[in-house]
Amino acid sequence: MTVETVHLPGLLDGLDVIRDDFPILSRTLADGHPLVYLDSANTSQKPQVVIDAMVDHLERHNANVARAMHQLGAESTAGFEGGRDKVAAFLNAPSREEVIFTKNASEAINLVANTLAWARGPLQVGEGDEVLVTEMEHHSNIVPWQLLTERTGARLRWFGITDDGLLDLSDIDELINERTKVVSLTWVSNMLGTVNPVAEIARRAHEVGAVVLLDAAQAVPQMPVDVQASGADFVVFTGHKVTGPTGIGVLWGRREVLEQLPPFLGGGEMIATVSMERSTYAGIPHRFEAGTPPIVEAVGLGAAVDYLAAIGMHNVRAHEEAITRYALEGLATVSGLTVLGPQQAEQRGGAISFEIEGIHPHDVSQVLDSRGIAVRAGHHCAKPAHKRFGVQSSTRMSSYLYTTPGEIDALVDGLEYTKKYFRAG
Amino acid sequence: MDLDALYQEIILDHYKNPHHAGLRDPFEAEVHHVNPTCGDEVTLRVHLSGAGADAVVEDVSYDAEGCSISQAAASVMTDLVIGRSLTDALAVHESFLTLMQGRGGVEPDEDVLEDAIAFAGVAKFPARVKCALLSWMAWKDATARIVAGETAVPTETEETR
């Protein structure tokens, strides 16, 4: 995919050079097809600098963190805590201590949902309280809140979706009320691509004293994210979608809120002192990081956000928008194809879900795969959002900073071939 | 990657013109199975007559939503089990299961499996084996419920694993 068919305004300069940073992109698949990776919203590929940082850590600096008093322990701790510094800078967090490493974004949301049930004082979610989510959430931002409300007697409510794939805010005055304790929503939808007006919703939520969590799993990879400007109390994302490794996620929380929350998991490293009768707990962030943390993953995540910062997240966003616009234009030429969600590139992120009349998404992705094109087919862990549009599943293409217009052309050609193969349309 | 090995003409034919589709009365058990990874679903009813060694599969009716493989598998299955003695139908089920779990190494017996031999290619695509088994597992489950004497009130959703 080195030959560009077109140059689009907003495309990253030196796209070939960027692609060279990602060794997997030069892979050839079965039958000699070059890889066309359009599944980055599922997981992103990894640049060499991330791979090298992790290998170097394992080869030269490996030791446990914090509790190892030797030289390697100090180096490993520096690498791990350095990852925290880099993430804090990347998010414009006011303090490194507000960055908590988790296993993934799901665990970060579960951490908040559980500790809000266990909290005593104004943050506690109990009977009669309301938790507000949206119909376009990933299952990981629905199920933890269902568990919380079922266990506490609180009530789960949600914003609907308009026919255009935007949040339906027409009943916001009713949905955000004096009983609302938590508002948790996605910044960028993983299925519809919708970019939500999170700062405005956070402002309204704060007027009634609710705390606000943003699922930024699809936002942090593709747009500049400033947690202070977001207006939220919590922002979560996962490492593997931002060119980092799996096994590490991030919970950013405002210090005043985090300090009111009880511990989540108990274990090593999260304590101040332990006796057989009782324990006292460490301050943030370690209070929420029981046990040996994902050390090499934090090193890799640090390298990943440094890599993205060097390219510039405004540039990444411009690239995504250019590719998304080009993809929407290309997909519009495929008869029988319907894009779910907003139709304007500037209103959305780089994940585009669509249906093709008469061909099931599984079959679409299977035929595309036979041509080396990787997309996702299914409900994308967003069954309620699919149901809203009367579909059981969809095919989703998702781009990233290494995606070329030529790859979009390959997708469109592949879809035409798919239709011919199944003699549809 | 040989697409035609997966999408045999027989499969595409059954997909476009499924046999025995729709939900019918009478039935003794109705089940609802889903494939949690992709969302494919089937609601399936079984009507048996007789009991024990004399049990016969009188009817299998279904409402399925899913890919070509899962739809075609439901259609082929109904062709194979309807009108058969339960003992024979269970033997066919076993034979199909063996084929699908054989990773492409099992030679299908056309005398037993008839149109279902077209699914031999699916066994080489691990991600699609579940699609092919969805309705077969639903049938087995519904049949087992009848044999166990459970009443015909729908329907617990089961994940096909």
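Residues numbered from 1 in each chain as written. Chains lettered and ligands numbered in written order. Predicted model: local features only at pLDDT ≥ 70, side-chain atom pairs only at ≥ 80, totals over all residues. Heavy atoms only, no water.

## Description of the environment of S135 of chain B
Residues and elements named next belong to chain B. Mapped onto the secondary structure, S135 falls in helix α6 (residues 126-147). Using a relative accessible area of 2% as the deciding quantity, one classes S135 as buried. C-alpha of S135 to C-alpha of D63: the two residues are 72 residues apart in sequence and 10.0 Å apart in space. Non-local contacts of S135, meaning those with residues more than four positions away in its chain, are made with V42, L44, S70, A73, A74 and M77. (Helix = DSSP H or I, 4+ residues; strand = E, 2+ residues; numbered from the N terminus. Buried < 20%, exposed > 50% of the residue type's maximum accessible area, 1.4 Å probe, protein only. Contact = heavy atoms within 4.5 Å.)

## Topic: the pattern of salt bridges
Close approach of charged atoms lets side chains of opposite charge pair. All names here are of chain A. Within the structure shown, the criterion is met by 34 salt bridges over all chains. For the salt bridge of R84 with E289, the shortest nitrogen-to-oxygen distance reads 2.9 Å. Remark: E289 occurs in the loop between β11 (279-281) and α10 (295-311) and R84 occurs in helix α3 (residues 71-90); sequence separation between them is 205 residues. Here R204 ties to D173 by a salt bridge, and the two come within 2.3 Å at their closest N and O atoms. Placement of R204 in helix α7 (residues 198-207) and of D173 in helix α6 (residues 172-175) is noted, with a sequence separation of 31 residues between them. Residue class for D173 comes out exposed when judged on its relative accessible area of 58%. (Salt bridge = Lys/Arg side-chain N within 4 Å of Asp/Glu carboxyl O.)

## A short note on the packing of helix α4 (residues 105-118) of chain A against helix α5 (residues 143-152) of chain A
Residues and elements named next belong to chain A. Running from N to C, α4 and α5 point in directions that differ by 15°, and their axes come no closer than 9 Å. Relative to α5, the element α4 is oriented roughly parallel. When you trace α4 past α5, the crossing you get is right-handed. Between α4, through I109, N110, V112, A113, N114, L116 and A117, and α5, the contact on the second element is made entirely by P144, W145, L148, R151 and T152. (Axes fitted to C-alpha atoms, helices over the stretch in contact; angles between N-to-C directions. Parallel < 35°, antiparallel > 145°, perpendicular 65-115°, else oblique. Left-handed = near helix turned anticlockwise from the far one by under 90°.)

## A few points about the packing of aromatic side chains
Residues and elements named next belong to chain A. Per the counting criterion, the structure on display carries 11 aromatic pairs over all chains. Note on F22 and Y307: the rings are 5.8 Å apart at their centroids and 80° apart in plane angle, and the pair reads as edge-to-face. Linking F22 in the loop between α1 (15-20) and β1 (36-37) with Y307 in helix α10, this pair joins segments that are 285 residues apart in sequence. Ring pairing ties together the aromatic residues F22, Y307, Y400 and Y402, which thus form one cluster. The ring of F389 carries the charged tip of R388 above its face, separated from the ring centre by 5.0 Å. (Phe/Tyr/Trp six-rings, centres within 6.5 Å; stacked < 30°, edge-to-face > 60°. Lys NZ or Arg CZ within 6 Å of the ring centre and 35° of its normal.)

## As for the interface of chain B and chain A
Each partner contributes to the interface: chain B provides 23 residues, whereas chain A provides 20 residues. Carbon and sulfur atoms supply 48% of the area buried between chain B and chain A, which totals about 1800 Å² over both sides. In this structure, the connection of chain B to chain A is made through 2 salt bridges. Where E9 of chain B meets R423 of chain A, a salt bridge forms, and the shortest distance between an N and an O atom there is 3.3 Å. Of all elements in the fold, only α1 (3-6), α2 (9-16), α3 (68-81) and α6 of chain B reach the threshold of two or more residues within the side of chain B that touches chain A. The element best represented in the side of chain B that touches chain A is α2 of chain B, accounting for 4 residues. Classifying every residue of the side of chain B that touches chain A gives 12 nonpolar, 4 polar and 7 charged. (Buried area = accessible area lost by both parts, 1.4 Å probe. Nonpolar A, V, L, I, M, F, W, Y, C, P; charged D, E, K, R; others polar.)

## Remarks on the sheet that holds strand β7 (residues 211-215) of chain A
All names here are of chain A. Across the sheet, which stays open at both edges, the 8 strands sit in the order β2-β9-β8-β7-β6-β3-β4-β5 with mixed pairing between neighbours. Whereas interior strands pair on both sides, the edge strands pair on one side only; in this sheet they are β2 (99-102) and β5 (167-168). Sheet topology note: the strand β4 (residues 155-161)/β5 ladder contains 2 bridges and is antiparallel. Note that in β5 the partner of I161 across the bridge is L167. (Pairing = 2+ DSSP bridges.)

## Side note on the confidence of the model for chain B
Summarising the model, chain B shows a mean pLDDT of 88, and 92% of its residues fall at 70 or more. Prediction confidence for the complex, expressed as pTM and ipTM, is 0.92 and 0.82 respectively. (pLDDT = per-residue confidence, 0-100.)

## Some points on the state of the cysteines
Taken as a whole and assessed by the stated rule, the structure comprises 0 disulfides over all chains. Between C67 of chain B, a free cysteine, and C131 of chain B, which holds the nearest cysteine sulfur, the sulfur-to-sulfur gap is 3.8 Å. (Disulfide = S-S within 2.5 Å.)

## What to know about the pairing of strand β8 (residues 234-238) of chain A
All names here are of chain A. When you tally the buried positions in β8, you get 5 out of 5 residues, the bulk of the element. Every second residue of β8 is oriented toward a common face, with F234, V236 and T238 on one face and V235 and F237 on the other, all of them buried. Here β7 pairs with β8 via 3 bridges, running parallel. Of the residues in β8, the one forming a bridge with L213 is F234. Two strands pair when backbone bridges link them, and β8 and strand β9 (residues 249-253) are joined in this way by 5 bridges, in the antiparallel orientation. Paired with V235 across the strands is W252, a residue of β9.

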